[in-house]
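# Structural description and commentary
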Amino acid sequence: AKTPYSTLVICDGFVGQITQLEGEQMVMRFQNNSHNFRICEIEDIGKGEEFYYLLTRNPKMKVARHGVKRGSGKDDRIYKELSTLLENGSLLISDEDKPFLNSARRYFDRFPNIGDHEPEKDVADSIYHMVAAFPEIHKMPARSAEGLKQFEIKKKELSPWARI
């Protein structure tokens, strides 16, 4: 969910291994049931690229390829992209008790001590790709006009003696 302040709140997701057909059905069901669904970002390497092409067979599917630099590891890109967003509050994880959210919290609590084959790593990677669909959260919100008043240059009042 995206707040009016361009903050993203991770509300849920899916953890597990399923077939490509089940994945396609799940994405389409989520897209149809979400009134504010924007797009499904899918990494363009490995199985993600394969899955992307599978989804593009359906003209109603809203999908986009998310380019990932080859050679950059998951941990590296997750750390570089998500750490600052989590630190400054632009990315939040709901406190609901759901498997996906629990896995996300475990990942960020234990980082970098996560094995390559643990589901938490895939959960964090999916959050990384989801954030790519919202480039506006990388911008800090503008200050209100009241907050900027402290930075205004005050005009010097002329001394009454200067007019004489």
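Quick look at the structure, then. (Residues numbered from 1 in each chain as written. Predicted model: local features only at pLDDT ≥ 70, side-chain atom pairs only at ≥ 80, totals over all residues. Heavy atoms only, no water.)

By the element assignment, G67 lies in the loop between β3 (63-66) and α3 (74-87). For G67, a relative accessible area of 48% corresponds to the partly exposed category. Residues G67 and D44, 23 residues apart in the sequence, show an inter-C-alpha distance of 5.6 Å. (Helix = DSSP H or I, 4+ residues; strand = E, 2+ residues; numbered from the N terminus. Buried < 20%, exposed > 50% of the residue type's maximum accessible area, 1.4 Å probe, protein only.)

Let us look at the pairing of strand β2 (residues 40-43). Alternating positions in β2 separate into two faces, C40 and I42 on one and E41 and E43 on the other, with burial throughout. Across four bridges, β2 lies against β3 in parallel orientation. If you follow C40 over to β3, its bridge partner there is V63. Once you follow β2 into helix α2 (residues 47-55) and on to β3, the crossover reads as right-handed. (Pairing = 2+ DSSP bridges. Right-handed = clockwise from strand over helix to strand, strands pointing away.)

Once that is clear, we can look at the nonpolar core. In summary, soluble globular proteins display a tendency toward joint burial of nonpolar side chains. By size, the foremost hydrophobic cluster in this structure holds 19 residues, and its most contacted members are L82, L91, I127 and V131. Those elements that place two or more of their residues in this core are β1 (8-10), α3, α4 (99-110) and α5 (119-131). With five residues, the top contributor of residues to this core is α5. C40, I42, F51 and L55 belong to the second largest nonpolar core, which has eleven residues in total. (Core = buried A, V, L, I, M, F, W, Y, C linked by side-chain atoms within 4.5 Å.)

Scanning the entire structure with this criterion turns up five aromatic pairs. Taking the centre distance of 5.3 Å and the plane angle of 70° together, the rings of Y52 and Y53 count as edge-to-face. The class for Y52 is buried, based on a relative accessible area of 16%. By relative accessible area, Y53 is classed as partly exposed at 44%. (Phe/Tyr/Trp six-rings, centres within 6.5 Å; stacked < 30°, edge-to-face > 60°.)

Below, the discussion takes up the packing of α4 against α5. Interaxial distance between α4 and α5 falls to 8 Å at its minimum, and their mutual angle equals 100°. In terms of orientation, α4 and α5 fall into the roughly perpendicular class. Seen from α4, the contacting residues are F100, S103, A104, R106, Y107, F108 and R110; seen from α5, they are E120, K121, V123, A124, S126 and I127. Each residue belonging to the contact of α4 with α5 can be placed in one class, and the counts come to seven nonpolar, two polar and four charged. (Axes fitted to C-alpha atoms, helices over the stretch in contact; angles between N-to-C directions. Parallel < 35°, antiparallel > 145°, perpendicular 65-115°, else oblique. Contact = heavy atoms within 4.5 Å. Nonpolar A, V, L, I, M, F, W, Y, C, P; charged D, E, K, R; others polar.)

This part is about helix α1 (residues 20-33). Taking 1.5 Å of rise per residue, 14 residues should cover 20 Å, and α1 covers 20 Å from first to last C-alpha, within 8% of that figure. When α1 is considered as a whole, its buried residues turn out to be G23, E24, V27, M28 and Q31. Down the axis of α1, the sector holding all buried residues measures 130°, keeping them to one side. Of the residues in α1, the exposed ones pointing more than 90 degrees away from the buried face are L21, F30, N32 and N33. Where the residues of α1 are buried, they touch β2 and α2. (Expected span 1.5 Å × (residues − 1). Arc of directions from axis to C-beta.)

So, to be careful, I would describe these as geometric facts and stop short of saying anything about function.
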